[in-house]
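Take a look at the letters that make up each chain.
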Amino acid sequence: MTDGRRFPRTLAGLSTGSYCSAVTTARQWPEPGPLSGISLALVGPGRVGSALTRWAQGRGARLEQVAGRTLSGRAAAQAGASGAVPVALPELSSARQTLLLIAVPDPELDGVVATLAARDQAPVVLHTSGSRDAAALASLRARGSAVGSLHPLRAFADPAAEPLPGGFYAVDGDPEAQALAFRLTAAWDGVAAVVPATARRLYHFGATLAAGGVVTLVSAAADLADRAGLPPEVARGYLALAQSALDQAARGETPRAALTGPVLRGERGLVLAQLAELRRLRPELAALATHLARETLLQAGAAAPLDAAQQALLEALAEAENMT
Ligand SMILES: NC(=O)c1ccc[n+]([C@@H]2O[C@H](COP(=O)([O-])OP(=O)(O)OC[C@H]3O[C@@H](n4cnc5c(N)ncnc54)[C@H](OP(=O)(O)O)[C@@H]3O)[C@@H](O)[C@H]2O)c1
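Residues numbered from 1 in each chain as written. Predicted model: local features only at pLDDT ≥ 70, side-chain atom pairs only at ≥ 80, totals over all residues.

Trainee: If you had to explain the overall build of the protein chain to someone new, which residues and values would you point to?
Mentor: A count of helical and extended segments in the protein chain gives ten helices and eight strands. Buried residues in the protein chain amount to 36% of all 324 residues. In the protein chain, the proportion of contacts linking residues at least 24 apart, taken out of those at least 6 apart, comes to 58%. (Helix = DSSP H or I, 4+ residues; strand = E, 2+ residues; numbered from the N terminus. Buried ≥ 20, exposed ≤ 12 C-beta atoms within 10 Å, placed from the backbone. Contact = placed C-beta atoms within 7 Å.)

Quick look at the structure:
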């Protein structure tokens, strides 16, 4: 098999073309690298699988086998860029590797695991789903692998993305699987914590709120500016405002410290007038805005007792909720 320390063939950030855009070769790490001695097999050379294996290779691990939906396509490209072998999923036997990483879309996971469990696999198997826990790999555990999950709390859009220092990873599973997951995340300068099966659903929904939820709100704000006939610069301004608010939130001990605006100040007359106009224009958004304003005050109230103006607004919002 290939010696990982001879990787990469090209420098970090160089993509190999449009189809192969998800396949970039690994950044060289000063030898021997914190992941030296680790060999990998990958199922799912998509956005997450190709990034995590490239990061691991860049720190000394060797990628030896890659399986996708087909032998051609991304599996061949990822294998070709790494000196690994593309393998058909039913043929994949990773028992000689240290780690089998499964990074397929969530709806495919059970079927892929059932196929993989027909053979002995690596001593540690990890999947990258945020919504599933280690139990998704139970049939591989029954065959003797230590199993777990390693979920990067990040949106993978840029195929050349490097690990974010301090980036968060959720881990769970058997002790050997957790230990390897923590070793990987430490090599990526990340922060990892155990997110157990019982907390998985809320953890994943929190991620949906923090990413898609925030973007949805900024998008709704831009839509309002558009309806009001305002120029596109206003929407860009909202985006910059959201960015600065998040920067502020990241600086505080908790995001609550960055709460701001007329709702927080308890400006009852202004807020109720805005909600009334919204109800006329976009009733479904008015309902969301009313709930959101209540949540702002509940968050504020969790940090310090509400003052009289805030309390009055909270009560008015409860009444407004009945009207929406
Ligand atoms: N995208 C994100 O931002 C993100 C962030 C954190 C975690 N995750 C999680 O990471 C996992 C992978 O997501 P992704 O965004 O990387 O997906 P993706 O870009 O769509 O890639 C999925 C990969 O799985 C392969 N695949 C699909 N069905 C398969 C099957 N039946 N047998 C073998 N291989 C199969 C695909 O093969 P081909 O190459 O042949 O098409 C592709 O390489 C999911 O669990 C997701 O929830 C995603």
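Trainee: So what's going on with the pairing of strand 7 (residues 168–173)? Which residues, and what values?
Mentor: Burial within strand 7 is extensive, with five of its six residues counted as buried. Here strand 6 (residues 146–152) pairs with strand 7 via five bridges, running antiparallel. Directly across from Gly148, in strand 7, lies its bridge partner Gly173. Across four bridges, strand 7 lies against strand 8 (residues 191–194) in parallel orientation. Looking across to strand 8, one finds that Val171 is bridged to Val194. You can see the chain leave strand 7, run along helix 5 (residues 175–187) and come back into strand 8, and the turn it takes is right-handed. (Pairing = 2+ DSSP bridges. Right-handed = clockwise from strand over helix to strand, strands pointing away.)

Trainee: Provide a residue-level description of the sheet that holds strand 4 (residues 99–102), including the pertinent values.
Mentor: Pairing in this open sheet of eight strands is mixed, and the strands run 3-2-1-4-5-6-7-8 from one edge to the other. Edge positions in the sheet fall to strand 3 (85–86) and strand 8, since each has one partner strand and no second. Pairing of strand 2 (residues 62–67) with strand 3, which is carried by two bridges, proceeds in the parallel orientation. Residue pairing for strand 3: Val66 is matched across the bridge by Pro86.

Trainee: So, the site of the ligand: which residues are in play, and what are the values?
Mentor: Near the ligand lie 30 residues; those nearest to it are Gly44, Gly46, Val48, Gly68 and Arg74. Elements supplying a minimum of two residues to the shell around the ligand: helix 1 (47–58), helix 2 (73–82), helix 3 (106–116) and strand 6. Split by residue class, the shell around the ligand holds 13 nonpolar, eleven polar and six charged. (Near = placed C-beta within 6 Å. Nonpolar A, V, L, I, M, F, W, Y, C, P; charged D, E, K, R; others polar.)

Trainee: Which residues make up the environment of Arg54, and what values go with them?
Mentor: Note that Arg54 resides in helix 1. C-alpha separation for the pair Arg54 and Ser82, spaced 28 residues apart in sequence, amounts to 8.5 Å.

Trainee: A description of the nonpolar core should follow, citing residues and the corresponding values.
Mentor: Among the nonpolar cores identified, the biggest contains 53 residues, and Leu40, Leu99, Leu101 and Val125 are the most heavily contacted of them. Once you skip the residues sitting within four places of it in the chain, Leu101 turns out to touch Leu40, Leu42, Gly49, Leu52, Thr53 and Leu126. Membership of the second largest hydrophobic core comes to ten residues, among which are Leu275, Ala289, Ala293 and Leu314. (Core = buried A, V, L, I, M, F, W, Y, C linked by C-beta atoms within 7 Å.)

Trainee: So what's going on with the packing of helix 6 (residues 200–227) against helix 7 (residues 232–251)? Which residues, and what values?
Mentor: Two elements in contact, helix 6 and helix 7, have axes separated by 9 Å at closest approach and are oriented at 150 degrees. Relative to helix 7, the element helix 6 is oriented roughly antiparallel. At the point where helix 6 passes helix 7, the crossing takes the right-handed sense. Residues Val214, Val218, Ala221, Ala222 and Ala225 of helix 6 touch helix 7, and the partners they reach there are Val234, Ala235, Tyr238, Leu239 and Ala242. (Axes fitted to C-alpha atoms, helices over the stretch in contact; angles between N-to-C directions. Parallel < 35°, antiparallel > 145°, perpendicular 65-115°, else oblique. Left-handed = near helix turned anticlockwise from the far one by under 90°.)

Trainee: Can you explain unusual backbone geometry? Please cite residues and give values.
Mentor: Here the phi dihedral of Asp189 falls at roughly 60 degrees; this positive angle occurs in a residue that is not glycine. Assignment of secondary structure puts Asp189 in the loop between helix 5 and strand 8.

Trainee: Give a description of the packing of helix 8 (residues 268–281) against helix 9 (residues 283–303) that names residues and reports values.
Mentor: At a minimum axis separation of 7 Å, helix 8 and helix 9 run at an interaxial angle of 155 degrees. Viewed along their axes, helix 8 and helix 9 adopt a mutual orientation that is roughly antiparallel. In this structure, helix 8 uses Val271, Leu275, Leu278 and Arg279 to contact helix 9, whose residues at the interface are Pro283, Leu285, Ala286, Ala289, Thr290 and Ala293. Among the residues forming the contact of helix 8 with helix 9, the class breakdown is eight nonpolar, one polar and one charged.

Trainee: Go over helix 2, please, and point to the residues and values.
Mentor: One turn of the α-helix equals 3.6 residues, which is why residues spaced by three or four share an orientation. In terms of residue burial, helix 2 counts as a mostly covered element, since seven of its ten residues are buried. Among the residues making up helix 2, those that are buried are Arg74, Ala75, Ala77, Gln78, Ala79, Ala81 and Ser82. In the core, the buried residues of helix 2 are packed alongside helix 1, strand 2 and strand 3. Downstream of helix 2 by a residue or two, Gly83 has a phi angle that is positive, lying close to 75 degrees.

So, to be careful, I would describe these as geometric facts and stop short of saying anything about function.
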